[in-house]
Structures are given as C-alpha cells and as structure tokens.
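Results of the structural survey
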Amino acid sequence: MRRRTLLTTAAAGLTAASLAACGSGTPGQKAEDSRAKSRTNVEFWGSVFTTPENAWYKKVVEDFNDAQEDVFVNYTVVPADAWDQKLKAAQAAGNAPDMYIKSGRLDTDARTGLLKPLDDLIEAKVFDEITDQAKEVSQYQGKWFGFPLLLEPQVTLLWDKDLFEKAGLDPEKPPTTWHEMFQACEKIAPLLKNGQFCVGTAGDPDTFGWTTVAAQQHVAGHLPVSDDWSKADAMDPKYEDLIGFYKTLQENKWMPRQPLGAGNSAQPLGEGKVAMLSQGSWAMSEIAADYPDKVKTTGMAPWVQNDGDLETSISTIGNMKWLIDAKSKEPEATATFFTWALGGDPEVLKPFFVDTQFTKAPARQKVTDVVNKDPKSKDAPWSSVVFEDIVPFCVPESQYPFDINAALGDAIQSGMTGEASPKDALKKANTEIQKVIDREDLAKAHKEMESK
Amino acid sequence: MSALREAAAAPDARPVRSSARRRDSLMAYIMLAPVLVLLGTFVVWPAIQAIYLSFFDWSFYTPSQFVGVKNYADVLGDDRFWQAIGRGLVFVVMTVPVSLVLSFLIASLAVSVSRRVSTLLKISIYIPSVISGVIASITFVMIYDYSGGILNALINVVGLPNQAWLGDPRWALGAIALPAVWLGLGISTLIMIAALLDVPQSFYEAAELEGASWWQRTRYITVPQIKNVLLFLLVTGFVASIQQYELPLVMTAGGPQHATELPNLFIFNHFRKDTYVGYSIAAAMLLFAVLGSISSVIFRIVNSEKLVD
Amino acid sequence: MAITQAAPVLAPTTTETALPARRRKKLTPSRLALLALKTLAGAVIVLLALFPLAWMVISGFKLRTEVIRTPFQFFPDVWEVQNYVQILSDPSFVRTLALTGFGAVIFTTGSIVINSMAAYAFARLEFVGKRIVWPLVLMTMFIPGMTILLTSFIVVTKLYMLDTLAVLILPGMATAAHVFFVRQFYLNIPSSLEEAARVDGCGRWGVYFRIFIPLSKAPFVVVGIGSFMAYWNSFVWPVLTITNPDLFQVQQYLANFRGERSSELGLLMAGSALAAAPIIVLFLIFQRQIIANIKMAGLK
C-alpha cells in the first residue's frame, strides 16, 4: 500500500511538472522558431479571411522576418467566431497582442484608449501617400490610430449571367433600381427549382445592420441617430420604404427566409442557389478561388437603389487596418513592420491585390498604380467596376457603437418577415437606439470625438 | 506532496481521543487541500472579483470608474434582459417536460423487453449524450439547412413548403430545443430505468390481478413510486436547460431577432460586443440571483415533498 | 487512429444484429401484437436516436457540394472516402485528437483523485471548520460558469497559464458536484466496515486506501465519464485560453474549421464524425459499467 501511495505521489508530481513545462507564458508563441530568440518579438493576431488573403499574411510575415534581424513577428490566426471574445478577454487581462487587424471604424477603440497613436512611431511622409478615403477611417481626433491596408465596397450586386440569359434578360445589364430588380425576379422566378432563389441578401439582423448603412443614408439622407448622437432618429418613413423593399422580396419568395450561407460569403451564388447576390466586392475573389468555372458567368455592379441614383451612397466602404495595442511593450519594433509591409515597397503589397482578383482598392495611390499594371488585371473585368463605378461613391462605415446598427437590422428583419409592421419595427428600433445612447452617454462620446 | 507521504508512512497509533481528532483534522486538511486550493483560485476568487467589477464601468485601458449600482439598474431596466430570462423559461418548458415524458416512455419500454434488446436501447439512447454541443450544432445546422437539408426534404414529401427552421423566429427556439433534448435524453432515461427497476414487482402483480390497465398502473403505482427521481430530473433538467448557450451560440448566435438568445448567451453577446464590461458582469450576477432563487424554490418544493413521503 | 475509423461503422451494425433477439417464448396472438408493437417502438427509438450521427457519417462521404445540394439527395452519388482520408492525414487534426485525449486522461485521473479525497474528508473525518467549509464548497456548485468567465480568465492570465495544458486541466478539475456525489456514496458505506479495519490495525489512511478506494469503482466510473466528457467536449474555455494552434482542443478545432473553410461541408462532417468517434468508442468499451452505475447519479 505504501508503495502505491508513493507511486501516486510521484505521478502527481510528474504531472504537475509536465504541466508547468508546457507553459511558454506568451500566447500564441511557438517554441520552435530559432529566429525568435535574440530578437524583439512582436505578437500579431490576424483573423481568417479569404484564401489568398490568408496566404499573403503568412508570406508577408515570413518575408519580413527574413528581411531583417532585429524584429521577429509571430503571426497567429484567430478565427472570426472567436475574435471578439478573445480580444476582449486578452485586453481585460492586460495581455493583448502587440498588433492586430481591424475592420470597421476605430473611433470607439481610440476613445477608450485601446490603441496607440502611430504619429510618433512612423515617419510622416509614409502617411502622406494614403488616400483621403482611407485616411478618414484610420484617424481619430486628427491622429493616426490605424495603418490602412485596403478599401473595399461592402455591398455590390453579383449576378448569374447564364440565368439572366435564360430568363430572357440582357445578361450584361443588371437591375439598377428596386423596381427593376422586382421585374427581373418576375422573369427569373419561373426558372428556379425548389431551394433556388432570385436574390440572396443578408438574412440576419446583424448582417442587415452593417450592410444597409449606405442604403439608410441613401433613402433618408441621414442615419438613425441625430448628428450629435443625442437622439435616436429611426422613425423616418423613408426607412419604411427600405424595409418594404426587402418585404417585397420576401413576400414573393424571391429571397430565402433563412440565409443560404455565412453572412459574408459568396457560397449561395457559387453553388447556383441564387441568381443575384448582395455581397461585398470580396465575393468575386471568393468565386474566383472556390468556384472558378463560375467566373465567366458572374457579373459585378453597384447594388440597386430606390431611385437608381448610383452615384450617391451606394455602399459603405469596408477597410482593413493594422493597429498597435496601447499596452504594447514593443511599439517601435511593431511600427517597423508596419512601415516595411504597408508603407514601403509597393511590390510587397502587390500580390495581395492581384491574388484577391482586383476586388479591393489599395490605400496608397502608388500601390494602385503598380497593381493596375499587372497583366492579369485584363482578365478581371470587374476591377474597373470596383475601382471606377463603386469605390468613388461609397460612404464610410458608421462610427457609432454596433448596437445601433443591430437595432436597425432587427427592424429590417422583423418588418421584412411580417413579424411587425415596418412602422412598429422602426418604433422599437428607435427605443432600442435611444437606450444605447443613454446607457453609453453617446452625446458626450460624440463631443469628445469631434474635439481635436 | 511530501506531507502526504509522511502522513501515510506515520505509524498507526491506537486511538486516543484528542490526538485522534487532531490527526483526523490533519488528514482532512491534506485530503481537502487540492480541491480547496483549486476551487478557491479558479471559482471563489473570480466570483469575488466579478462582484467587485460589477460596480464599475471598465473599458480595460482607461481607469475604471465606480458607478455604484448603475450597471444593475441598466440591466434591470432593460427589457431585453427580462425577455432573455423569459425565453430561458420557455426553453425549459420546451425541453424538460418532453425529455421527462420521452425518457419515461423509453424506460418503460426498456424494462419490459428482453435483456439484449434493453441493452441495445440503453446504448443507443445514451450514445448521443457523449456528443459535444459543437458537433451536435454542426450536424443539426446541416439537417435544418433551408434549401438542401433533410428536414425540409422530408416535409416536401408530404407537400409542405420549405421552412426556415433557424431563420424564422417562430421555429428557431424549437429547432435549438430538439438537439438539446437529443443530447440530454440518455442520462435521464438511464436514471429512469434504474428507478423503474426499483419499484417492487409485487405491486404490479397485485394490480394485474385486479385487472388494472397500463395507464392505471402507471398513474397509481409507477409515478408515485418514482416521484423523487422525477423531481430530481426536473430540477437538474431545469438548471441545465436554462443555462444552455453553446447550441444557440454555434447554431444561430442568438438570432433571428434574438429568438434564440438564451440568458447565458445574452450575457456572452453583451460581453463580446460592449465597450464597457460592467453591464455583462452585472447581468451575470443578476442571472445568478434569479437562477439561485428559482432553484432554491424548486429545492424547497422537492424537500417538502420528500418529507411527505 | 484505428479507433476513430472504426466508430462510424459501429453504430449501424449494432442496430441490425441485435434486434430480433427475443423470439423464444410461446406467443399468443395478442402477445405477438404487443411484441411487434414494442419491437417497432424500439426500432423507431434506436433509429431516431442514432440518426443525426448516421447523417453526420453519411455526409462525411459526400462531396462538398452534395452535402446540402438542391434538390436534396440522401446518399452521395459516389461514396468518397476522400474526406476521411484527407482529414486523417492532416497532422494538425491528428495531433489535436491526441492532445485532447492526453489532456482528458490527466484531467479525468486528477478529477477522480482530488474530488474523492475531498469527499472522503467531508464524509468521514471530523475536522475544525467543517461546518464552514462544506457549505462554501457546495455553494460553488451554483455559480454559473458565465458569471466568472471573464474574471477566471484574468486569474489564469496572471498565473501565466495561457497557452498551456494547465489552463485546460486545472481550473475545472475540482468540482463541487463530484465531491458531493462521491461523498453521498461514502456516507452510505457502513461504519462497521471501517471499525473492523481499524481493529485489524489500519490507520485512517489505511482505511481510506484499503476500504474506501476499492469500494469506489462505481462512483469513480460516474465521475470519470463525467470529467472525460467535460474535458473532451469543452469549447468556450479553450477558445478563450488557447491561441497557439499546436495546443488546439478538438471542439475548438472543429469550430475553427467551420469558420475557416465554410464551404468544405463534406470535410467538416467527416471531421465531426472523427472527433465524436473516440468518445463514443470509449463509451462503448465502458458501457456496461456506465449503464450500471449512472443510476446512482440520480439517486440518494
């Protein structure tokens, strides 16, 4: 018996030792890389993007680590589903990564001190090249809090030219207004089998929340909060029209009642389940990567509007930018990576834009020039649509907290499915938005944002 | 660890009352140490910290601000919170009674068939219980798929149109309840089988002599005899069900229109989306309080029922 | 990995072979009808219970566009083993399975050892402070994980436990419910046994090791399977605490896979089936003990 006790004790001790030995202490750090030693280590969290993007991120980190001997960047992919909670938890515990990638606006993060301003870390002339559209979403109170990589329209219209032709429609002429879309659907619908639909759009409130911002602005001339963020402003009858658009699609069974794929994926179009799809410009690079035989028959155009005016607020402009955490212990080393990868030789960035099939706009003019010179651009007829017909008429994403987008997304969803009348749905959204405004004192936050 | 060895090796003395007591204490502390240290570090201390944090507005990188009970007031005044609690109760009603009735029926069947068939039944009904919420979610999302899922294909056969099981607020909560029942049925059935086997066979023989029907036997013999087990299953089912959040997290993230945002998921969604963390911690505290009081009420009922027996 | 491959086949075959076992008694027509009814009911229950798993396995044999193809099809056009082969030849998946299994074994062993030790102390030993400590331990049973999710994350960060196996194993190892359960069992062991052992010259430790542990097989099985499942199936905690892909846990791996390669549905289903296989096999190995003992979880 005593021997057994001893053995148990020994086993317990061993277990404890092996557990301790497993610890490297730094999240995401892989022990193998010898380059990591004797260099300044920079922790970099990226998310999961499309296949060519993921490949570029891996490569650019590798190249940087090979190109110099002072800094070692350790790149970790955090899945999109886990992103919010992982970053939140890491920030709360004070061990967020030195740098990470962010889409969307950075105002709230900058205001609450999560980010480090880049002005003192990166030479001013590097910033000079950045386009105005990219600058607007990367600054807060006149300071750079993010380094922009790209701009991309978040809402475009993709359509299946084959189906258009079969339905007797001009395959090269997509609808431009809500009404034209209805007409197209009337012709397409008889061709569809059970489980196929005329239009695929957002199908859940959150996705509606961020994909309809430009349309909200377009139909009503304002967003659902007052300019100073003190009052909810969601009860505009124009928003009822917007809900009505989706409601018509629903009522005629032209769009599915449940999304056919993830909110930001081109899967439904790729698998031939929809004739038209509302999706960001990245959808085209997804089609090219995952459904190559669909490339020839897929077209891209600005998304339809109530009045057919395709030069005012036709889409929000999404973006990706790199940020440095305010508590980073190595901001200078991190900034050298920023300058090398995003602010330096355009050739470093070129493969990113070429491999994503010219669906994204670089944040620097120099890079755009290099990318456009690539011979492959000739095989990507949609690139001129993205760069010339869509990007110039995009508006920035909304700056207020996402709860407000979600409230309006809820209204669209419940109005569209007939859960509530559009009017009642908007009334509820209005209350919800006001609640957020009061709870987070957004009027005060807005004043702070405006002050320079 | 060395203390453990020493204590084990210590020569055994004849019991002398006071020193025996002392050695009892020593052994108890050694035996308790791992559990107490771990629970203290990973449960009690975080709980104390959570209580403390619930009185602050904290966005992590700026100094946290003491806001008194503001977070609690925000939560209590938020009808979304109450809707989430209400939804949790609806979910309980959708899952627990169904689960109890089904496991009772399956258990009744299992005790009335041959041993081999009974084993087969037990094994197949229990296998789903070892499946994770993630895998169950992935599988059921495929089953519910709008335009290529097997469920819609089945209802098409009887002439009904496709339904948006996860996209329509009227269906979604039920669509989450189904895998929840599927995952939980095994354990409750096995417990129920054990309880049925404990009912003395003579009761049934007597009833059969008097010509009692199956329903009468169930109503007047079985149910009263296994009442404690039923109550136990009710309570544990309630606690498990109202805390469910993994299934809706993976399957719907709480949508559509919050129709599947069960209480814990409501908190989790607030945590990952809010700028300030106080709201979600206060909501978690309040949920703890609400759950605790409901559980204690149920426990009280259970206990009083036990006393009557 | 032989284990993981075998499992998907197991479920359907058992269903078919074992059913018509009971046909020996003399049958009157009404008995026959009842028997037929019972057999039918039993078959329906078995089919429904196992259907989602079978569906997962079948879908794993489909091409990625077949899984939710419109119009619907039940079986794949060609039974492709490609998905299973592909995911099994992915070293990161195999490593994830192995590592999760390794962690689960340590976790389960540790959980049985420390919780039963504490249970013994609460059941059989008199010590100063028992009346305060016991309710405190019980209370932790009622603290929802969600309430302390963030703050326990802060604690493990401060202890430099992120991205280690320790962060997966230690925080959940001590479980009040398990202590409670084993304690109930120990309370029912007659004290005459203990006294007899004492007369034979056993000390307290001797009583524990010679009397209680050998008698504890039943509660250990229940605690063991509960712990193993809790570890193998845990999802949110690994997602928060493990960032290094080398240490990914199996549920986390699946969720990531679903996010990263959302269009590879056949592969995802194959991966899910393989991730579920080890725990199903484990259950089938121990099913006799588990089924015999699980009832105790509900009684007393």
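Residues numbered from 1 in each chain as written. Chains lettered and ligands numbered in written order. Predicted model: local features only at pLDDT ≥ 70, side-chain atom pairs only at ≥ 80, totals over all residues.

So, about the overall build of chain B. Across its full length, chain B holds 14 helices and two strands. Across the 309 residues that make up chain B, the buried fraction comes to 47%. Long-range contacts, defined as pairs at least 24 residues apart, comprise 67% of the intrachain contacts of chain B with a sequence gap of at least 6. (Helix = DSSP H or I, 4+ residues; strand = E, 2+ residues; numbered from the N terminus. Buried ≥ 20, exposed ≤ 12 C-beta atoms within 10 Å, placed from the backbone. Contact = placed C-beta atoms within 7 Å.)

Counting its regular elements, chain A contains 20 helices and 13 strands. Taken over the C-alpha trace, chain A has a radius of gyration of 24 Å; the compact-globule value for 452 residues is 22 Å, and the two agree within 12%. Each principal axis of the C-alpha distribution contributes one length, and for chain A these read about 80 × 60 × 55 Å. With 452 residues in all, chain A has 52% of them scored as buried. Sequence-distant contacts in chain A: of pairs separated by 6 or more residues, those separated by 24 or more amount to 76%. (Rg over C-alpha atoms; globule rule 2.2 N^0.38 Å.)

Here we take up the domain arrangement of chain A. All names here are of chain A. The domains assigned to chain A are domain 1 (34–153 + 317–396) and domain 2 (156–316 + 398–450). At the level of secondary structure, the elements contributing two or more residues to the side of domain 1 that touches domain 2 comprise helix H2 (51–67), helix H4 (107–111), strand S6 (147–153), strand S11 (315–324), helix H17 (382–390) and strand S13 (394–396). Among the elements that make up the side of domain 1 that touches domain 2, the one with the highest residue count is H17 (five residues). Taken together, the residues that form the side of domain 1 that touches domain 2 break down as 11 nonpolar, eight polar and six charged. (Domains from an automatic or database assignment. Nonpolar A, V, L, I, M, F, W, Y, C, P; charged D, E, K, R; others polar.)

Before going further, it helps to examine the interface of chain A and chain C. Contacts between the two partners involve 34 residues from chain A and, on the opposite side, 30 residues from chain C. Residue assignment for the side of chain A that touches chain C shows that the elements contributing at least two residues are helix H1 (2–22), strand S2 (71–78) and helix H3 (80–93) of chain A. It is H3(A) that provides the largest number of residues to the side of chain A that touches chain C, a total of eight residues. Counted by class, the side of chain A that touches chain C contains 13 nonpolar, 14 polar and seven charged residues.

Below, the discussion takes up the sheet that holds strand S8 (residues 197–200) of chain A. All names here are of chain A. Spatially, the four strands line up as an open sheet ordered S8-S9-S7-S10, and their pairing is mixed. Taken across any chain shown, the strands that pair with only one partner, and hence form the sheet edges, are S8 and strand S10 (298–302). Within this sheet the neighbouring strands show an average axis-to-axis angle of 15 degrees, counted without direction. Two elements, strand S7 (residues 156–160) and strand S9 (residues 274–279), share four bridges in a ladder whose sense is antiparallel. Paired with Thr156 across the bridge in S9 is Gln279. (Pairing = 2+ DSSP bridges. Axes fitted to C-alpha atoms, helices over the stretch in contact; angles between N-to-C directions.)

Turning our eyes to something else, we now look at helix H6 (residues 149–158) of chain C. In terms of residue burial, H6(C) counts as a mostly covered element, since seven of its 10 residues are buried. Inspection of H6(C) places Leu149(C), Leu150(C), Thr151(C), Ser152(C), Phe153(C), Ile154(C) and Val156(C) among the buried residues, and these make up the whole buried set.

Within the fold, Met173(C) resides in helix H7 (residues 165–173). Take Met173(C): there are 26 C-beta atoms within 10 Å of it, and that puts it in the buried class. Taking C-alpha positions, Met173(C) is 19 Å from Gln252(C), a pair spaced 79 residues apart along the chain. Discounting residues that sit within four places of it in the chain, Met173(C) has contacts with Leu38(B), Phe107(C), Gly110(C), Ser111(C) and Ile114(C).

Right, let's get into unusual backbone geometry. Residue and element names in this part refer to chain A. Of note, Gln357 is a non-glycine position whose phi angle comes to about 65 degrees, a positive value. Checked against the element boundaries, Gln357 lands in the loop between helix H15 (346–355) and strand S12 (361–362). Look at Gln357 and you get buried, because 25 C-beta atoms sit within 10 Å. The phi torsion at Asp441 lies on the positive side, around 45 degrees, for a residue other than glycine. Mapping Asp441 onto the fold places it in the loop between helix H19 (422–439) and helix H20 (442–450). Classification of Asp441 as partly exposed rests on a count of 13 C-beta atoms within 10 Å.

This paragraph deals with the nonpolar core. It is characteristic of soluble globular proteins that their nonpolar side chains tend to be buried jointly. Counting residues in each nonpolar core, the largest one holds 310 residues, and the members touching the most others are Val199(A) and Ala118(C). If you tally residues by element for this core, the top one is helix H8 (residues 169–198) of chain B, at 16 residues. Ignoring sequence-local partners within four residues, the contact set of Val199(A) consists of Met181(A), Cys185(A), Leu249(A), Trp254(A), Met255(A), Val274(A) and Met276(A). (Core = buried A, V, L, I, M, F, W, Y, C linked by C-beta atoms within 7 Å.)

This paragraph deals with the confidence of the model for chain A. When pLDDT is averaged along chain A, the result is 87; 93% of the residues meet or exceed 70. Every residue in residues 1–29 of chain A scores below 50 in pLDDT, and together they form 42 contacts with partners more than four places removed in sequence or on other chains. (pLDDT = per-residue confidence, 0-100.)

Further remarks concern the packing of H2(A) against H15(A). Residues and elements named next belong to chain A. Close contact between H2 and H15 brings their axes to 9 Å; oriented N to C, the two are set at 165 degrees. Between H2 and H15, the angle falls in the class roughly antiparallel. As for how H2 packs across H15, the hand of that crossing is right-handed. Counted together, Pro52, Trp56 and Val60 of H2 and Val348, Pro351, Phe352 and Asp355 of H15 form the full contact between these two elements. Looking at the contact of H2 with H15 residue by residue, the classes come out as six nonpolar, no polar and one charged. (Parallel < 35°, antiparallel > 145°, perpendicular 65-115°, else oblique. Left-handed = near helix turned anticlockwise from the far one by under 90°.)

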